[in-house]
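Here's the letter readout for the chains.
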Protein chains: 2
Amino acid sequence: MATLGDVAARAGVSISAVSRVLSDAPDSRVSAATKQRILDAASALNYRPNFAGRALKSARTQVVGLVVPDITNALFTELMHGAEDEAAERGYTVLLGRSDDVRPGGEVIARLIGEGRVDGMALQVGDGVPPAGLRDLLSTQAPIVLVNSAIPGQAGSVTLDDHRGTLLATEHLLGLGHERIAFANGLPRSFTAKRRRTGYKLALATAGVRVPAGYETRVGYTVDNGRTALRQLMALDPRPTGIVVANVNAAVGLLGEARRLGIRVPDDLSIVTVHDSWTAENTWPPLTAVKMQFYAVGRTAVRSVIRRIETGETSDEVVTDPPPELIIRESTAPPPSAT
Amino acid sequence: MATLGDVAARAGVSISAVSRVLSDAPDSRVSAATKQRILDAASALNYRPNFAGRALKSARTQVVGLVVPDITNALFTELMHGAEDEAAERGYTVLLGRSDDVRPGGEVIARLIGEGRVDGMALQVGDGVPPAGLRDLLSTQAPIVLVNSAIPGQAGSVTLDDHRGTLLATEHLLGLGHERIAFANGLPRSFTAKRRRTGYKLALATAGVRVPAGYETRVGYTVDNGRTALRQLMALDPRPTGIVVANVNAAVGLLGEARRLGIRVPDDLSIVTVHDSWTAENTWPPLTAVKMQFYAVGRTAVRSVIRRIETGETSDEVVTDPPPELIIRESTAPPPSAT
DNA sequence: TTGAAAGCGCTAACAC
DNA sequence: GTGTTAGCGCTTTCAA
């Protein structure tokens, strides 16, 4: 690999002149002719600035870490794309990490930041980590921004308008005439589960609808969790006629389990989910969903990390633009009795 | 962040002594007592070796790049996990990249390698890039290993036993009594499509079964491609009673389109796919699939890259262990006429 | 057993 | 306009 020195030798100038030209400093203080010679030499040698050399000198890597619990998840993929696009526009690169072992004491963050591999990070922890458990992780003053959870005052955060997501979903079922509307939620300690709950509750309260006890499950966000949730809800008396699901993966599970039990969707039971993804389009029936704007979350998170890195400012942001959007497919219909 | 100098000062020794101890050189040539003082100082200061400093000096990053066309794809996720596990065991880190713009002239590879961000890479290009187009990308002597494609002699490669995958899938349908078996394949120029084709052909030939013209589509591996493929195949006369699909995402599309057209699976039509993933379990009906060992591919690819980096050896490997495995679910049954 | 010192590629303050 | 130089944190050779 060619170095600055190689380019300088070829162009017959000093290393610093080359550095000034190639790192396009605002004022390179070099004559047009020299500049051209340098550029020619650089491209002839196919010069690229060495990452380590630059990082060592400037104490900046221009890399931000993005750590999510599970890359498999289509939602995080969308988030990642947003993060990458924003980073690219600002001359940063995204380094992806898994937060599998981001528990208090987990190593990922400490390593990435401590070894100077990244300048800052956007961190979404799994459902299993209660927000309180994050405190010591964040005790360092490193530029970390939480994604889809928040500890006000401790670190910056970027979250979705979860409340509005479940509100829209619940209103959709109410609008179809449902009253026995259940809610398949995430784990109680989960930050998003708490917020999604309020939207569901508010919609019911506003409509003056009361639901029987046990109409909220709190199993989790995986496909299997969804299967369990459906069994729990279908064991109730009276059975719900509609279910709002707090996560699309869980919704896929609910749908599969309904099928297994011979419950027809949407004839016997309507299912609407929060989150949309390509999987939701390809279930049978295709899932009615409230699309949450994960792409925007990714962009916002990276913007926030970079601001934190460059100016030190911290902020807690909620992504409301674009707003959550109801996409009606075929898993919802009026309740059976309403014929 | 604490540096070697900080640790040295605290322990009252020289920087080089600290370096020797902390980079656990086989022979640190340091007395037990000094060593202990150094270790204490390091942990008191929470010392971590600076990545850039080390990389600059040693001209090694201990990072391998993994570039895949689409991180959304569940298959690549599995591959990634394999890659990460292997890397971790060998003291390397995986840096993930997207190959969206890996066409001849694409920048990703040149950047990662040229800027010294990675020591080598495993590269899977999208279906759209014909193997020939890769040549110039690989003209550099950089330690690059191709994944799921190969240009013998040009770079190392790691591939799946694609042939055996479609062979098993086709034999499964034959075993159920199907004879009118179609094949929904990828694009003709795709490396894997060519290999998958041979398995299908061989199984039919061995069984002495001949199929009508038009029984192979070559649309591609996406969900939408799958929908198109199904329409093409169902327009044929006679219609196939079974379809072997070369990719699970396409299979999801075929299934959805069959549903839309009122074709019952598996009663009217059996569908078996190559590849397995969690999506295959959650379609309706759940897809019978031949599981291909992507996790093993990831491990093998990283092992191969590291060998290339450290010893310069190149190899072309086919992952046959564990072998492809047929997982029978509910999308396949005997053909309608065979009652 | 220990330390001094050179140098990896780069930037930036300073001198000419 | 252009060049010299110090130094970022680390490893490693060589000397003590």
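Chain A is annotated in an unreviewed UniProt entry as LacI family transcriptional regulator of Kribbella shirazensis.

**Regarding the protein's contact with DNA strand C**
In the vicinity of DNA strand C, 24 residues are found, and the nearest of them are Leu4 and Tyr47 of chain A together with Ser31, Thr34 and Lys57 of chain B. The contact atoms of DNA strand C, taken as those within 4 Å of the protein, divide so that sugar and phosphate hold 57%. The contact in question runs from a base oxygen of DNA strand C to an N or O atom on the side chain of lysine 57 of chain A, over 3.1 Å. In this structure, serine 14 of chain B approaches DNA strand C through a main-chain N or O atom, which is 2.8 Å from a phosphate oxygen. Broken down by secondary-structure element, the contributors of at least two residues to the surface near DNA strand C are α2 (15-22) and α4 (51-58) of chain A together with α2 (15-22) and α4 (51-58) of chain B. A breakdown of the residues in the surface near DNA strand C according to their chemical character gives eight nonpolar, nine polar and seven charged.

**Focus: the pairing of strand β9 (residues 270-274) of chain B**
Residue and element names in this part refer to chain B. Within β9, five of the five residues are buried, which leaves the element mostly enclosed by the surrounding structure. Because side chains alternate across β9, one face comprises the buried residues Ser270, Val272 and Val274, and the other comprises Ile271 and Thr273, equally buried. Judged from the four bridges that link them, strand β8 (residues 242-245) and β9 form a sheet pairing that is parallel. Paired with valine 245 across the bridge in β9 is threonine 273. Note that the unit made of β8, helix α11 (residues 248-260) and β9 has a crossover that is right-handed. Both β9 and strand β10 (residues 288-291) contribute to a ladder of three bridges, which runs parallel. Following the sheet pairing, valine 272 is matched in β10 by threonine 288.

**Brief notes about the protein's contact with DNA strand D**
In the vicinity of DNA strand D there are 24 residues, among which Ser16, Ser31 and Lys57 of chain A together with Leu4 and Tyr47 of chain B approach most closely. Within 4 Å of the protein, the contacting atoms of DNA strand D are drawn from sugar and phosphate to the extent of 53%. At 2.6 Å from a phosphate oxygen of DNA strand D is found a main-chain nitrogen or oxygen belonging to leucine 4 of chain B. A distance of 2.9 Å separates a phosphate oxygen of DNA strand D from a polar atom in the backbone of asparagine 50 of chain B. Broken down by secondary-structure element, the contributors of at least two residues to the surface near DNA strand D are α2 and α4 of chain A together with α2 and α4 of chain B. Tallied by class, the residues present in the surface near DNA strand D amount to eight nonpolar, nine polar and seven charged.

**Quick word on the nonpolar core**
Ranked by size, the top nonpolar core spans 138 residues in total, and within it Leu66, Ile243 and Leu254 of chain A together with Leu66, Ile243 and Leu254 of chain B carry the most contacts. Contacts of leucine 66 of chain B, omitting those with residues within four sequence positions, involve Leu79, Met80, Ala83, Val94, Leu95, Leu96, Gly97 and Ala122 of chain B. Among the nonpolar cores identified, the runner-up in size contains 36 residues, and Met121 of chain A together with Leu146, Ile151 and Ala155 of chain B belong to it.

**Points about the interface of chain A and chain B**
Where interface size is quoted, it is often the accessible area lost as the parts come together. The interface is formed by 37 residues belonging to chain A together with 37 residues belonging to chain B. Here chain A packs against chain B, burying approximately 3700 Å² in sum over the two surfaces, 59% of which is carbon and sulfur. Where chain A touches chain B, the interface holds zero salt bridges. For the pair chain A and chain B, the interface holds six residue pairs in polar contact (both at pLDDT 80 or more). For the side of chain A that touches chain B, the secondary-structure elements that each account for two or more residues are α4, α5 (74-89), β2 (93-98), α6 (108-114), α10 (223-234), α11 (248-260) and α12 (278-281) of chain A.

**A closer look at the domain arrangement of chain A**
Residue and element names in this part refer to chain A. One can read the domain layout of chain A as domain 1 (4-49), domain 2 (62-160 + 294-318) and domain 3 (162-292 + 325-338). Here domain 2 and domain 3 have C-alpha centroids that lie 29 Å from each other. Between domain 2 and domain 3, the residue contacts involve 15 residues of the former and 17 residues of the latter. In this assembly, domain 2 packs against domain 3 so that about 1200 Å² is buried in total across both faces, 56% of it on carbon and sulfur atoms.

**Re the relation of the copies chain A and chain B**
With an RMSD of 0.0 Å, the fit of chain A onto chain B corresponds to turning through 180 degrees and sliding 0.0 Å along the axis. Classification of the inter-copy transformation places it as that of a two-fold axis. Measuring from the rotation axis to each C-alpha of chain A, the shortest distance belongs to alanine 52 of chain A, at 2.3 Å. In this assembly, 100% of the residues forming the interface of chain A have copies in chain B that are likewise at the interface, indicating an isologous arrangement.

Cut-offs used in this document
Residues numbered from 1 in each chain as written. Chains lettered and ligands numbered in written order. Predicted model: local features only at pLDDT ≥ 70, side-chain atom pairs only at ≥ 80, totals over all residues. Heavy atoms only, no water. Near = heavy atom within 4 Å. Polar contact = N/O pair within 3.5 Å; in protein donor to acceptor, adjacent residues only side chain to side chain. Helix = DSSP H or I, 4+ residues; strand = E, 2+ residues; numbered from the N terminus. Nonpolar A, V, L, I, M, F, W, Y, C, P; charged D, E, K, R; others polar. Buried < 20%, exposed > 50% of the residue type's maximum accessible area, 1.4 Å probe, protein only. Pairing = 2+ DSSP bridges. Right-handed = clockwise from strand over helix to strand, strands pointing away. Core = buried A, V, L, I, M, F, W, Y, C linked by side-chain atoms within 4.5 Å. Contact = heavy atoms within 4.5 Å. Buried area = accessible area lost by both parts, 1.4 Å probe. Salt bridge = Lys/Arg side-chain N within 4 Å of Asp/Glu carboxyl O. Domains from an automatic or database assignment. Least-squares fit on C-alpha atoms with pLDDT ≥ 70 in both.

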